[in-house]
Amino acid sequence: MYCFTDADRNLNVQRDIEIKVIKENESPILYRIKPGECFIYPTKDKSLKMQISSTVYEDLEVNRNLENAPEEETIELKPDDYKMALYYFSIKDINGENSEQLIKQKRKQLENLISNTATITQVYDSDIYGLETLDKQDYITLVTTPTTSLKNLNVIEMKKDKGKIVSIKFKISNHENNK
């Protein structure tokens, strides 16, 4: 059994985690773990290889020799500052007296985080799989326009290179429970 904690806060991870179990000569098996849950993978194999990812933590690859592994293990996930900042600035609600100033500040912070050549893709939450590509300015405008739908924004994947975000894939769920 594998449980997960936030390396900086020493608390249970508060976001969904995706775990890909990699077996030789087989396709990866994907598991989604809810916040606070542990991962149990019953196997007779002698080793286990997992790729662990989350919307706000650094990706981690774990290799375990199961012959002498403990029954239970806690794995620390290190927060990814870029993913956290992108998530925070994308869903942060802006209203009140200073809203214009806060919007300008949020736009500037996103300008600094995201590469000018970033690939930004919105996945549509519908029966027909839909995608739309946005440029950096369209994305920044989308996430700095005060609207309740931003509460349902879910960053699916984010990649960074040389200190800038170079790829964002996100969706805005139609319903709160579709996140």
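Each remark here, short or long, concerns the structure printed above.
Everything quoted here is computed from the prediction, not taken from an experiment.

K.L.:
Just to check I follow, could you spell out the overall build of the protein for this structure?
P.N.:
Looking only at helices and strands, the protein features three helices and 10 strands. If you list the helices and strands of the protein from N to C, you get β-β-β-β-β-β-α-α-β-β-α-β-β. Across the protein, every contact between residues at least 6 apart in sequence was considered, and the portion connecting residues at least 24 apart equals 52%.

K.L.:
Whenever I open this one, the pairing of strand β5 (residues 60-65) confuses me. Can you help?
P.N.:
Consecutive side chains of a regular strand alternate in pointing toward one face of the sheet and then the other. In terms of strand pairing, strand β4 (residues 47-53) meets β5 through six bridges, oriented antiparallel. For Ser47, the partnering residue across the bridge sits in β5 and is Asn65.

K.L.:
So what exactly am I meant to see when it comes to the sheet that holds strand β9 (residues 153-161) here?
P.N.:
Two pairing modes exist for strands in a sheet, parallel and antiparallel, and in both the strands are linked by backbone hydrogen bonds. Taken together, four strands build an open sheet; the order of strands is β8-β7-β10-β9 and the sheet is mixed. A single partner strand is all that each edge strand has here, and the edge strands are β8 (130-134) and β9. Ignoring strand direction, the axes of neighbouring strands in this sheet form an average angle of 15 degrees. Bridge count for strand β7 (residues 114-124) against β8 is five bridges, and the pairing is antiparallel. Residue pairing for β8: Gln122 is matched across the bridge by Glu132. In this fold helix α3 (residues 136-144) packs onto β7, β8, β9 and β10 (164-172), with an angle of close to 60 degrees to the strand it touches most, β7.

K.L.:
What should I look at first to understand the pattern of salt bridges in this one?
P.N.:
Oppositely charged side chains are able to pair whenever their charged atoms sit close together. What the rule picks out here adds up to 10 salt bridges. For Asp16, the salt bridge identified is with Lys34, shortest N-O distance 3.6 Å. Of this pair, Asp16 sits in the loop between β1 (2-6) and β2 (17-22) while Lys34 sits in the loop between β3 (29-33) and β4, placing them 18 residues apart in sequence. The exposure class of Asp16 is partly exposed, given its relative accessible area of 31%. Between Lys159 and Glu157 there is a salt bridge whose closest N-O contact spans 3.9 Å. Judged by relative accessible area, which is 44%, Lys159 ranks as partly exposed. Assessed through its relative accessible area of 36%, Glu157 is described here as partly exposed.

K.L.:
How should a negative patch on the surface be read in this particular structure?
P.N.:
Among the surface-exposed residues, Asp8, Glu58, Glu76 and Asp81 lie close enough to one another that they form a single negatively charged patch. Taking relative accessible area as the criterion, Asp81 reaches 61% and is therefore assigned exposed.

K.L.:
Sorry if this is basic, but what is going on with the layout of surface pockets here?
P.N.:
Over the atoms, a rolled probe matching the size of one water molecule traces out where space is still vacant. Quantified by volume, the largest pocket comes out at close to 990 Å³. Around the largest pocket, the lining is made up of 32 residues, and of these Glu18, Ser54, Thr55, Val155 and Ile156 lie nearest the centre. Of all the secondary structure elements, the ones that give two or more residues to the lining of the largest pocket are β2, β3, β4, β5, α1 (81-91) and β9. Its residues assigned to classes, the lining of the largest pocket shows 10 nonpolar, six polar and 16 charged. Here the second largest pocket defines a volume of roughly 260 Å³. Looking at the second largest pocket, the residues that line it are Met1, Tyr2, Ile40, Tyr41, Pro42, Thr43, Leu48, Leu66, Ala69, Pro70, Glu71 and Glu72. In the lining of the second largest pocket, the residues fall into nine nonpolar, one polar and two charged.

Thresholds, definitions, all that
- Residues numbered from 1 in each chain as written.
- Predicted model: local features only at pLDDT ≥ 70, side-chain atom pairs only at ≥ 80, totals over all residues.
- Heavy atoms only, no water.
- Helix = DSSP H or I, 4+ residues; strand = E, 2+ residues; numbered from the N terminus.
- Contact = heavy atoms within 4.5 Å.
- Pairing = 2+ DSSP bridges.
- Axes fitted to C-alpha atoms, helices over the stretch in contact; angles between N-to-C directions.
- Salt bridge = Lys/Arg side-chain N within 4 Å of Asp/Glu carboxyl O.
- Buried < 20%, exposed > 50% of the residue type's maximum accessible area, 1.4 Å probe, protein only.
- Patch = residues over 30% accessible without salt bridge, like charges linked within 9 Å, V, L, I, M, F, W, Y side chains within 5 Å.
- Areas by Shrake-Rupley, 256 points an atom, 1.4 Å probe, with all protein chains shown as cover.
- Lys, Arg positive; Asp, Glu negative; His and termini not counted.
- Charge placed at Lys NZ, Arg CZ, Asp CG, Glu CD.
- 1 Å grid on protein atoms, 1.4 Å probe; cavity = no way out; pocket = protein on both sides within 12 Å on 5 of 7 lines; lining within 4 Å.
- Points joined across faces, edges and corners; volume = space filled by probe spheres on them.
- Nonpolar A, V, L, I, M, F, W, Y, C, P; charged D, E, K, R; others polar.

Interpretation in functional terms is not warranted from these geometric data alone.
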